[in-house]
Protein chains: 2
Amino acid sequence: MSLPIGFTEHPADLLTAGPGFSLAEQPTNAAPGFSGKKADGADTLAARAPVIAQLQEQLFAESRFGGKKSVLLILQAMDTAGKGGIVGHVVGAVDPQGVKLTTFKAPTDEEKAHDFLWRVRPAAPTPGMFGVFDRSHYEDVLIHRVHGWADAGELERRYEAINEFEAELVAAGTTIVKVMLNVSPEEQLQRLAARLEDPTKYWKYSPTDLDERKFWPEYMEAYQRVFDKTSTGHAPWYVVPADKKWYARMAVQEILIKALGGLNLQWPAGNYDLAKERARLKDAVI
Amino acid sequence: MSLPIGFTEHPADLLTAGPGFSLAEQPTNAAPGFSGKKADGADTLAARAPVIAQLQEQLFAESRFGGKKSVLLILQAMDTAGKGGIVGHVVGAVDPQGVKLTTFKAPTDEEKAHDFLWRVRPAAPTPGMFGVFDRSHYEDVLIHRVHGWADAGELERRYEAINEFEAELVAAGTTIVKVMLNVSPEEQLQRLAARLEDPTKYWKYSPTDLDERKFWPEYMEAYQRVFDKTSTGHAPWYVVPADKKWYARMAVQEILIKALGGLNLQWPAGNYDLAKERARLKDAVI
């Protein structure tokens with residue numbers, strides 16, 4: 001596959017959390033593999049939007065004729081890192097008909113009464129769909145680890161359960177792309193401050209954002225553990241520098257395009273006799 | 001509210017199915033209220049996309065602070081009329097986070113075992129959401145009437161049940177916009193033929209499309225009855241000429257913008273002490 005314009009290396013290759021990966025060593029304010037500037041990034045994002053849209057349409061079309069493939073993008077990040085921007089600007093380029101977005105919030109009492117994967121299973125994409133998890137089952141090994149809501153044994157059980165769950169999805173035809181948007185605490189502070197200076201953004205600010213922020217090092221440890229335990233061959237993690245929003249969007253878009261492109265999607269031929277239907281159409285009257 | 005560029009009258013005013021409305025008298029290949037051409041229509045659609053996107057964001061933002069408002073777009077039409085294009089090009093301009101799209105297909109056995117509204121109620125938008133029904137409970141008084149799957153008495157019961165259901169939604173805060181895309185049988189034939197000439201569109205064609213087409217007059221009668229019975233003050237029908245796709249998209253966008261604009265949406269102030277939070281941010285360290 002040739003590289004998209006502006007790229008010297010593919011972000012999917014550069015940003016995978018493979019064996020020995022160290023979160024602490026990753027840059028947040030960089031644009032790995034991209035030689036252009038912010039404006040070039042915006043151009044690339046716009047130019048590649050029809051590509052991801054068409055790939056998704058082919059995925060959807062195949063499913064109408066028995067295709068079992070689907071895609072699941074899992075987004076995790078600290079507050080303000082830009083999950084919403086990925087949803088709006090990358091996922092937003094795809095026909096809404098083919099998107100199944102689930103935003104996972106703090107679990108309800110009913111959800112808490114069940115195993116942590118109970119609410120996640122029904123949210124998995126059906127064939128042809130582009131599923132998106134805005135937060136996910138990873139909260140159960142992130143915030144739960146940070147605040148001690150699950151002990152070490154329970155966390156181990158959850159990592160294993162997650163790997164098994166994701167392996168099941170992959171076996172059923174789902175391509176899983178897991179993305180952690182890696183923002184720096186300094187950049188987060190600026191973004192929170194910006195929300196308090198713009199009346200159209202006041203609603204996005206919550207005083208609890210500053211409370212969670214105090215646990216930054218603990219969160220980074222929890223993420224490192226997540227990558228160690230769950231960045232598998234069948235469902236790898238990509239850690240995307242997110243201080244430059246324009247880079248993060250473009251990189252996630254390319255990672256998704258590569259994942260979809262690897263599915264060898266085709267336009268279905270249709271399950272009817274083309275010549276016969278053309279003839280029927282010629283004779284069609286009301 | 002001033003008219004959007006290119007419009008001499010607002011499509012919401014021109015296209016409402018009010019008392020005495022006659023579907024048979026409506027044009028399909030017209031652009032009511034719009035003085036421009038196709039290219040102007042595309043410009044208007046693009047220019048107004050950020051307007052509908054912002055209104056939806058405000059709707060969503062209000063709901064985070066107790067707002068109960070939501071919007072529901074109901075789309076009905078003959079095959080190929082362009083429902084998918086409305087979803088892709090009008091709804092697609094809105095942040096996916098705020099959209100709840102439901103595509104109603106032929107009911108499952110479980111759904112058939114319940115009242116026809118059983119599967120529809122849970123699909124209604126929650127506060128802050130822009131709900132979209134691609135087909136809807138109206139199939140139960142359209143295809144069911146055309147094929148005689150419901151007798152006259154049952155159809156009457158359903159019209160009443162629909163009006164009560166929609167009145168409940170409105171009372172709970174939902175603004176309902178019902179759109180019938182009005183395509184001509186001649187234009188439909190061309191679009192079906194085009195699908196059989198383009199390998200990227202084969203998958204959209206089904207031989208049953210031609211079978212349903214034979215019932216065109218019966219469908220038009222069923223639609224007329226729907227407008228007579230269910231185009232209410234609280235949930236009016238708009239009948240949008242759809243032979244020109246560019247007009248239909250633009251008109252539906254403007255009808256939605258007017259509906260959202262009428263909700264007097266505001267950016268929420270936030271439920272915290274602004275000065276205090278700004279001070280906390282200044283002292284925030286990791």
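Residues numbered from 1 in each chain as written. Chains lettered and ligands numbered in written order. Predicted model: local features only at pLDDT ≥ 70, side-chain atom pairs only at ≥ 80, totals over all residues. Heavy atoms only, no water.

1. Focus: the overall build of chain A
Within chain A one finds eleven helices and five strands. Scaling as 2.2 N^0.38, a compact globule of 286 residues should have a C-alpha radius of gyration of about 19 Å, and chain A matches this with 21 Å. Projected onto the principal axes, the alpha-carbon positions of chain A cover approximately 70 × 45 × 40 Å. For chain A, the residues scored as buried account for 54% of the 286 residues in total. Contacts spanning at least 24 positions in sequence make up 82% of the contacts within chain A whose residues lie at least 6 apart. (Helix = DSSP H or I, 4+ residues; strand = E, 2+ residues; numbered from the N terminus. Rg over C-alpha atoms; globule rule 2.2 N^0.38 Å. Buried < 20%, exposed > 50% of the residue type's maximum accessible area, 1.4 Å probe, protein only. Contact = heavy atoms within 4.5 Å.)

2. Quick notes on the environment of R195 of chain A
Residue and element names in this part refer to chain A. As for its position among the elements, R195 is in helix α7 (residues 185–195). Judged by relative accessible area, which is 18%, R195 ranks as buried. R195 sits eleven residues away from S206 along the chain, and the two C-alpha atoms are 9.8 Å apart.

3. Concerning the interface of chain A and chain B
Think of interface size as the accessible area that goes away when the parts come together; that is how it is often given. On the side of chain B, 46 residues touch chain A, which itself brings 46 residues to the contact. Three residues, W203, L281 and I286 of chain A, lead the burial of chain A against chain B; their summed loss comes to 19% of the area buried on that side. The interface formed by chain A and chain B includes six salt bridges. In this structure, K204 of chain A and E57 of chain B form a salt bridge, with 3.8 Å as the shortest nitrogen-oxygen distance. Across the contact surface, chain A and chain B share twelve residue pairs in polar contact (both at pLDDT 80 or more). Counting residues per element, the ones that place at least two in the side of chain A that touches chain B are α2 (38–63), α3 (83–89), β2 (99–103), α7, α8 (207–213), α9 (216–230) and α11 (274–282) of chain A. (Buried area = accessible area lost by both parts, 1.4 Å probe. Salt bridge = Lys/Arg side-chain N within 4 Å of Asp/Glu carboxyl O. Polar contact = N/O pair within 3.5 Å; in protein donor to acceptor, adjacent residues only side chain to side chain.)

4. Thoughts on the packing of aromatic side chains
This structure, assessed with the given rule, holds 20 aromatic pairs over all chains. Seen from their ring centres, F60 of chain A and W203 of chain B are 6.0 Å apart, and the 75 degrees between their planes marks the pair as edge-to-face. Taken as a pair, F60 of chain A in helix α2 and W203 of chain B in the loop between α7 (185–195) and α8 (207–213) lie in two separate chains rather than in one. The exposure class assigned to F60 of chain A is buried, which follows from its relative accessible area of 10%. (Phe/Tyr/Trp six-rings, centres within 6.5 Å; stacked < 30°, edge-to-face > 60°.)

5. Considerations on the relation of the copies chain A and chain B
With an RMSD of 0.0 Å, the fit of chain A onto chain B corresponds to turning through 180 degrees and sliding 0.0 Å along the axis. The superposition operator between the copies reduces to a two-fold rotation axis. With an isologous cut-off of 70% or more, the 100% of interface residues of chain A that recur at the interface of chain B puts this contact in the isologous class. (Least-squares fit on C-alpha atoms with pLDDT ≥ 70 in both.)

6. Remarks on the sheet that holds strand β1 (residues 70–77) of chain A
All names here are of chain A. Judged by pairing direction, the sheet is parallel, and its five strands sit side by side in the order β2-β3-β1-β4-β5 without closing on themselves. Only two strands of the sheet have a single partner each, and these edge strands are β2 and β5 (237–241). Shown here is a sheet whose adjacent strand axes are inclined to one another by a mean of 20 degrees, direction ignored. Pairing between strand β4 (residues 174–182) and β5: five bridges, direction parallel. By the bridge assignment for β5, V179 is matched with Y238. Sitting on the sheet, helix α6 (residues 152–171) is in contact with β1 and β4, with an inclination near 135 degrees to β4. (Pairing = 2+ DSSP bridges. Axes fitted to C-alpha atoms, helices over the stretch in contact; angles between N-to-C directions.)

7. Side note on the sheet that holds strand β2 (residues 99–103) of chain B
Residue and element names in this part refer to chain B. Sheet architecture is open: five strands sit in the order β2-β3-β1-β4-β5, paired in parallel fashion. Edge positions in the sheet fall to β2 and β5 (237–241), since each has one partner strand and no second. Going across the sheet, the axis of each strand differs from the next one's by a mean of 20 degrees, ignoring polarity.

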